[in-house]
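Each chain is listed here by its residues.
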Amino acid sequence: MAARDDGGLRRMDKGKLKGHAALWVANIIWGVNAPICKSVLRSAENSEGINPFALSVYRMVGAAVLFGLCSLLLPRERVKRRDIVRLFFASVFGIQLNQMLFLWGLSMTSPIDSSIIATVVPVLTMVLAMLFLREPITWLKAGGVFLGAAGAVWLVLLSSHGGGRTSSFEGDVLCIVSAMSYATYLTVFRDTIVKYSPVTTMKWMFLFAALVSLVVYWEPLSEVDYFALSGRTWGGIAFVVVCSTFVSYLMVPIAQRYLRPTLVSMYNYVQPIVAVLFTVAIGLDTFGPTKGLAAACVFVGVWLVTRSKSRAQLEAEQQRKGAEQK
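Reading guide: rules and limits
- Residues numbered from 1 in each chain as written.
- Predicted model: local features only at pLDDT ≥ 70, side-chain atom pairs only at ≥ 80, totals over all residues.
- Heavy atoms only, no water.
- Helix = DSSP H or I, 4+ residues; strand = E, 2+ residues; numbered from the N terminus.
- Buried < 20%, exposed > 50% of the residue type's maximum accessible area, 1.4 Å probe, protein only.
- Contact = heavy atoms within 4.5 Å.
- Areas by Shrake-Rupley, 256 points an atom, 1.4 Å probe, with all protein chains shown as cover.
- Expected span 1.5 Å × (residues − 1).
- Phe/Tyr/Trp six-rings, centres within 6.5 Å; stacked < 30°, edge-to-face > 60°.
- 1 Å grid on protein atoms, 1.4 Å probe; cavity = no way out; pocket = protein on both sides within 12 Å on 5 of 7 lines; lining within 4 Å.
- Points joined across faces, edges and corners; volume = space filled by probe spheres on them.
- Axes fitted to C-alpha atoms, helices over the stretch in contact; angles between N-to-C directions.
- Parallel < 35°, antiparallel > 145°, perpendicular 65-115°, else oblique.
- Left-handed = near helix turned anticlockwise from the far one by under 90°.
- Nonpolar A, V, L, I, M, F, W, Y, C, P; charged D, E, K, R; others polar.
- Polar contact = N/O pair within 3.5 Å; in protein donor to acceptor, adjacent residues only side chain to side chain.
- pLDDT = per-residue confidence, 0-100.
- Salt bridge = Lys/Arg side-chain N within 4 Å of Asp/Glu carboxyl O.

A. How the structure looks around the overall build of the protein. When you go through the protein residue by residue, the secondary structure sums to 15 helices and 0 strands. Burial analysis of the protein (326 residues in total) assigns 51% to the buried set. Sequence-distant contacts, at least 24 apart, represent 88% of the contacts inside the protein between residues at least 6 apart. Summed over all atoms, the accessible surface of the protein reaches about 16200 Å², with 66% contributed by carbon and sulfur.

What follows is the structure, given as structure tokens:
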């Protein structure tokens, strides 16, 4: 019995390690996504870019094609009809509203504002997980979430000098709604997402997203002057489609399978760190002790959330105590 339990614990530890690795990959990519997207989108500073609705179509159609091709290389997985309906709504919240509103908002506001707003995702996810999944809000979990948020906001504000600071109330509101949509996806649809393989869930979700985006955004898509786009813009589009969409969205359901929604969302706090390091690497910013302290707050916050107990763990402890009392 003990040997079987040890084997189960080892499998669980390996699963958690796989989940953390997947989140690192996704959030490192998303960390550099905002500045790259900003360089691709048409805005007051960039008249040669494309509109956010067209970029949304590229993301959704491109990812749908890539996930469809991947599914051909894997064993076919049958999805229940009621789960297909749930995957449609998961697509609405996790992809369509999330990505379209983010790109639309980013085209009107600054990457700094969008990075700060992204810090509300773990807070919203923690509350929604309590309401829908009955996950407890412990002092350790709440402290980790807010410490991580403080570190992320502090880090972004320390890096707020320089160009590209054009803010917009409308753009910020769109980014907030995008964050709320993603938090809803992580919690409300988790049970459906973990039923099937990551490729299967993403294939269906991006298929729905691609069909909806083509119908809704056909006009802005047709207005793009493709011959006028520079090689740099095409390179940015390729990065957004392949890395920021296909690879990152393949990683998230892997993490959802092994980790709690609040912990998955906590990795949003890694994105500002990656964004700052990216700007440092290309010579647009510096990284000193103060920013190092802010980054440390983020990592300590994530660690605290990993140490907090889930509902299943608390229930198991109560059962153990009850058995001991008997």
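From this point on, the discussion continues.
B. Region of interest: helix α14 (residues 289-307). An ideal rise of 1.5 Å per residue puts 27 Å on 19 residues; α14 measures up with 27 Å between its terminal C-alpha atoms. Taken together, the buried positions of α14 are Lys-291, Ala-294, Ala-295, Cys-297, Val-298, Gly-301, Val-302, Leu-304 and Val-305.

C. Geometry of the packing of aromatic side chains. Scanning all chains against the criterion turns up 15 aromatic pairs. Linked through ring pairs, Trp-30, Phe-67, Tyr-182, Tyr-185, Phe-206, Phe-246 and Tyr-249 together constitute an aromatic cluster.

D. Inspection of empty space enclosed by the protein at higher detail. Tallied over the entire structure, the rule returns 1 cavity of 30 Å³ or more. When its volume is computed, the largest cavity comes out at roughly 380 Å³. What lines the largest cavity is a set of 21 residues, and nearest its centre among them are Asn-98, Phe-102, Ala-118, Asn-268 and Gln-271. Those elements giving two or more residues to the lining of the largest cavity turn out to be α1 (2-40), α3 (81-108), α4 (111-117), α7 (169-188) and α13 (270-281).

E. The environment of Leu-186, seen in detail. The residue Leu-186 is located in helix α7 in this model. A relative accessible area of 1% places Leu-186 in the buried class. Once the C-alpha coordinates of Leu-186 and Thr-125 are considered, the two residues, 61 residues apart in sequence, prove to be 7.1 Å apart.

F. Examining the packing of helix α5 (residues 120-132) against α7 more closely. For the pair α5 and α7, the least separation of the axes is 8 Å and the interaxial angle reads 40°. What the angle tells us is that α5 and α7 run oblique. As α5 packs across α7, the resulting crossing turns out to be right-handed. In contact with Val-120, Val-121, Leu-124, Thr-125, Leu-128, Ala-129 and Phe-132 of α5, α7 contributes Ala-179, Met-180, Tyr-182, Ala-183, Thr-184, Leu-186, Thr-187 and Val-188. Of the residues contributing to the contact of α5 with α7, the split by class is 12 nonpolar, 3 polar and no charged.

G. View of the side chain of Ser-213. Inspection of the secondary structure assignment puts Ser-213 in helix α9 (residues 198-216). There is a polar contact of 2.9 Å between the side chain of Ser-213 and the backbone oxygen of Ala-210. With residues near it in sequence (within four places) discarded, Ser-213 still touches Val-57, Met-60, Val-61 and Trp-218.

H. Examining the environment of Arg-78 more closely. Here Arg-78 shows up in the loop between α2 (52-72) and α3. For Arg-78, a relative accessible area of 79% translates into the label exposed. When the C-alpha atoms of Arg-78 and Tyr-196 are compared, they prove to be 8.9 Å apart, with 118 residues separating the residues in sequence.

I. Inspection of the confidence of the model for the protein at higher detail. The share of residues in the protein with pLDDT of 70 or more is 83%, and the mean pLDDT across the chain is 82. Taking the mean pLDDT of every element in the protein, the minimum, 60, falls on helix α15 (residues 311-325) and the maximum, 95, on α9.

J. The pattern of salt bridges, seen in detail. According to the stated counting rule, one finds 2 salt bridges in the structure shown. Among the ionic pairs, Asp-83 bridges to Lys-195, the shortest N-O distance being 3.2 Å. Separated by 112 residues along the polypeptide, Asp-83 in helix α3 and Lys-195 in the loop between α8 (190-193) and α9 bring together distant segments of the chain. Among the residues examined, Asp-83 registers a relative accessible area of 2% and is labelled buried. Here Arg-190 ties to Asp-191 by a salt bridge, and the two come within 4.0 Å at their closest N and O atoms. Relative accessible area serves as the criterion here: at 48%, Asp-191 is assigned to the partly exposed category.

K. Structural view of the packing of α9 against helix α11 (residues 231-258). It is at 9 Å that the axes of α9 and α11 come closest, and there the two elements cross at 125°. In terms of orientation, α9 lies oblique with respect to α11. The way α9 lies across α11 gives a crossing that is right-handed. Every residue of α11 that contacts α9 at Pro-198, Val-199, Thr-201, Met-202 and Phe-206 is listed here: Thr-245, Tyr-249, Leu-250, Pro-253, Ile-254 and Arg-257.

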